[in-house]
Amino acid sequence: MLRDALPKVTMPLPGPKAAAVLQRRAECMPNGIKSIYPCVIARGEGAMFEDVDGNIFLDWVGGVGVLNIGYSQPEVIKAAKEQMDKYFHAMMNITTHERYIEFAEKMNEVVPVRGDKKKTMFVNSGAEADENAVKIARNYTKRPNIIVFSGAFHGRTVLTMTMTANRNYCIDMEPLADGVIRAEFPTLYRAPEGMDEAAAIKYYIENLEKTIASVGADTVAGIVFEPVQGEGGFIPAPIEWVKAVRAICDKNGILMITDEVQTGWSRSGRLFASEYFKEAGAAPDIMTTAKSIAGGMPLSAVTASMEIMDKVTPGTIGGTFCGNPVSCAAGMKVLEIMTKEDYPAKARKIADFCMKRFHEWEAKYDVVGNVRGTGSMMGVEFVTDKVTKEPNAKLVSDIVAKAVQKGLVLEAAGAGNVIRFLCPLCVTDAQLTAGLDIFEEVLKESM
Ligand code: PLP
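Criteria and cut-off values
Residues numbered from 1 in each chain as written. Predicted model: local features only at pLDDT ≥ 70, side-chain atom pairs only at ≥ 80, totals over all residues. Heavy atoms only, no water. Helix = DSSP H or I, 4+ residues; strand = E, 2+ residues; numbered from the N terminus. Rg over C-alpha atoms; globule rule 2.2 N^0.38 Å. Buried < 20%, exposed > 50% of the residue type's maximum accessible area, 1.4 Å probe, protein only. Contact = heavy atoms within 4.5 Å. Areas by Shrake-Rupley, 256 points an atom, 1.4 Å probe, with all protein chains shown as cover. Salt bridge = Lys/Arg side-chain N within 4 Å of Asp/Glu carboxyl O. Near = heavy atom within 4 Å. Polar contact = N/O pair within 3.5 Å; in protein donor to acceptor, adjacent residues only side chain to side chain. Nonpolar A, V, L, I, M, F, W, Y, C, P; charged D, E, K, R; others polar. Domains from an automatic or database assignment. Buried area = accessible area lost by both parts, 1.4 Å probe. Core = buried A, V, L, I, M, F, W, Y, C linked by side-chain atoms within 4.5 Å. Phe/Tyr/Trp six-rings, centres within 6.5 Å; stacked < 30°, edge-to-face > 60°. Lys NZ or Arg CZ within 6 Å of the ring centre and 35° of its normal. Pairing = 2+ DSSP bridges. Disulfide = S-S within 2.5 Å. Axes fitted to C-alpha atoms, helices over the stretch in contact; angles between N-to-C directions. Left-handed = near helix turned anticlockwise from the far one by under 90°.

Caption draft 1: Just the overall build of the protein, in detail. For the protein, the helix and strand inventory stands at 14 helices and 17 strands. Relative to the 2.2 N^0.38 estimate, which gives 22 Å for 447 residues, the radius of gyration of the protein is 22 Å and therefore close to what a compact globule would have. If you line up the protein on its principal axes, its C-alpha atoms span 65 × 60 × 45 Å. Here the protein, with 447 residues, has 55% of them falling under the buried criterion. At a minimum sequence separation of 6, the contacts of the protein that also span at least 24 residues come to 72%. Carbon and sulfur atoms provide 55% of the accessible area of the protein, an area that totals close to 18700 Å².

Next up, the structure:
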């Protein structure tokens, strides 16, 4: 069974069939949709996929965080098929469908935002969820500005590419959206020189306060951040900083918005990373999520208190495909399985297993600058040496290119110098060990 297989590549990649498809891709698709991988999938199961030439890969990228439940989860397939047999689409502005209702009810039970009574709206992508969170926050507070952070990634629409820190995502696509103000994200490994953790957190809180003051706190609708920055390099937000953000929000009538597009759905060791914040008395007001929500079906969600949600003028939010019934049916099943099989515990177990190896590498190899993470949202940061901490993107691109030739699919983050772990959480121990072995082997070859 592919589900239990180990990586096996029997030819230089791309193989002949994959090369032919990639050639057609180059001719029919815009180059602006980027890929560096020689992979053309034929089928996927669990944490593994087989390509059109019969090579078998262990996927540590999982569709960039979409496949926490794994490829082709049989119960999710069944739930989606059963829904497909009834109807594919019903537009919530016209025909109410129950899949939306039951999944929204469930989301309101499990999403750890503030409020006794909560409401959830579904949209189609992470960017769309983040845009709607901003619209809802502006509407609720009647204020124009939002605070975002260095290293943030929130998507590729005009508003979310403005919120995204890396300007490579908007080359020659200006003008950007108004009302987006950036503060520094707490990056402890790269904190200002000489600062210990406590001093660094204080520095980042003061930076946030100054940024807010520069536009006037009474103009700020929301502070949006990722509990663990994804694209930014798998950097966890320290809990003391999050508590300070919550206090700043409360003092100034600002909404705290967590973007759990990548951190959500068990990856962090909890169903949502915001649960850690809630336990520390710092639950968000609005939470967005997407990616792994429906096992690969397109869906995303925004959840907030009824008070916040119901202030929005009817007709100003929603859209044709939002809350597709097949996606909602798949999402309900994903949530049921993650709860029944305790996927957050699987994430914690994977983290223990991998972190042991990653920490050994940190001690053993001068190019491994830092390993970190929350649950199994783990990042390994590569540098030219531990003293200068110069980002080593060249090494990481070599590692990624060599690993895929041995059947391990890896992806970079941060300044191109962090390997991120987004493997399906149903990965087996043998597959994890095989992945770690390939990773270390190509690291040694690439140094
Ligand atoms: N927010 C975060 C934290 C993300 O990681 C991403 C995508 O990587 C997005 C938003 C955008 O999601 P999408 O690509 O579904 O629009």
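Caption draft 2: Representation of the pattern of salt bridges within the structure. Evaluated as defined, the whole model comprises 25 salt bridges. As a salt-bridge pair, R114 and D250 come within 3.0 Å of each other at their nearest N and O atoms. Of this pair, R114 sits in the loop between helix 4 (98–110) and strand 4 (118–123) while D250 sits in helix 8 (residues 239–252), and the two are 136 residues apart along the sequence. The class of D250 is partly exposed, set by a relative accessible area of 42%. One network of salt bridges, in which partners are shared, links R114, R246, D250 and D285.

Caption draft 3: Highlighting the site of the ligand. Inspection of the region around the ligand gives S125, G126, A127, D130, F153, H154, G155, E226, D259, V261, Q262 and K291 as its neighbouring residues. The backbone of A127 places a nitrogen or oxygen atom 2.9 Å from an oxygen atom of the ligand. Q262 has a polar side-chain atom sitting 2.7 Å from an oxygen atom of the ligand. For the ligand, whose free accessible area comes to 390 Å², the fraction covered by protein is 85%. Here the residues of the shell around the ligand sort into three nonpolar, five polar and four charged.

Caption draft 4: Representation of the domain arrangement of the protein within the structure. One can read the domain layout of the protein as domain 1 (2–59 + 342–446) and domain 2 (77–340). Between the C-alpha centres of domain 1 and domain 2 there is a distance of 26 Å. Taken together, the contact pairs 29 residues of domain 1 with 25 residues of domain 2. Between domain 1 and domain 2 lies a buried interface of about 2100 Å² when both sides are counted; carbon and sulfur atoms form 57% of it. Among the residues domain 1 hides against domain 2, the three largest losses belong to T374, M377 and K389. Together they make up 30% of the total. Joining domain 1 to domain 2, the criterion identifies two salt bridges. For the pair domain 1 and domain 2, the number of links is 16 residue pairs in polar contact (both at pLDDT 80 or more). Looking at the side of domain 1 that touches domain 2, the elements with two or more residues in it are helix 12 (343–364), strand 13 (368–374), strand 14 (377–382) and strand 17 (418–421). By residue number, the principal contributor to the side of domain 1 that touches domain 2 is strand 13, which donates five residues. Its residues assigned to classes, the side of domain 1 that touches domain 2 comprises 14 nonpolar, nine polar and six charged.

Caption draft 5: Molecular detail of the nonpolar core. In this structure, W60, F122, I286, F358, F382 and F439 are the most contacted members of the largest nonpolar core, which totals 87 residues. Among the elements that take part in this core, helix 12 stands out by supplying eight residues, more than any other. A domain-level breakdown of this core finds at least three residues from each of domain 1 (2–59 + 342–446) and domain 2 (77–340). Membership of the second largest hydrophobic core comes to 28 residues, among which are I181, V245, C249 and I254.

Caption draft 6: View of the packing of aromatic side chains. By the definition in use, this model includes 18 aromatic pairs. Taking 4.8 Å as the distance between ring centres and 65° as the angle between the ring planes, the aromatic pair formed by W60 and F421 counts as edge-to-face. Note that W60 is positioned in the loop between strand 3 (56–59) and helix 2 (62–65) and F421 in strand 17, a separation of 361 residues in sequence. On the basis of relative accessibility, which here comes to 1%, the residue W60 falls in the buried class. Judged by relative accessible area, which is 1%, F421 ranks as buried. With a centroid separation of 5.0 Å and 75° between ring planes, the pair formed by Y203 and Y204 is classed as edge-to-face. Directly above the ring of Y343 sits K346, whose terminal nitrogen or CZ lies 5.1 Å from the centroid. Positioned above the aromatic ring of Y189, the side-chain terminus of K389 is 4.4 Å from the ring centre.

Caption draft 7: Layout of the sheet that holds strand 15 (residues 408–409). Sheet architecture is open: four strands sit in the order 1-2-3-15, paired in mixed fashion. Where the open sheet ends on each side, the last strands, each with one partner, are strand 1 (41–45) and strand 15. Summarising the sheet, strand 1 and strand 2 (residues 48–51) pair through four bridges and their orientation is antiparallel. Across the sheet, the residue bridging to R43 is E50, located in strand 2.

Caption draft 8: Region of interest: the state of the cysteines. Applying the stated rule across the entire model yields zero disulfides. Cysteine C28 is unpaired, with the sulfur of C39 as its nearest cysteine sulfur at 18 Å. Here C28 falls in the exposed class, since its relative accessible area comes to 64%. Here C354 is not cross-linked by a disulfide; its sulfur's nearest cysteine counterpart is in C423, at 8.0 Å. On the accessibility criterion, C354 (0% relative accessible area) is buried.

Caption draft 9: Inspection of the packing of helix 4 against helix 11 (residues 325–340) at higher detail. Running from amino to carboxyl end, helix 4 crosses helix 11 at an angle of 35°, the nearest separation of the two axes being 9 Å. Note that helix 4 runs across helix 11; the crossing there is left-handed. Taken together, the residues of helix 11 that come into contact with helix 4 (itself represented by R99, Y100, E102, F103, K106 and V110) are P325, C328, A329, G331, M332 and L335. Residues that form the contact of helix 4 with helix 11 fall into these classes: eight nonpolar, one polar and three charged.

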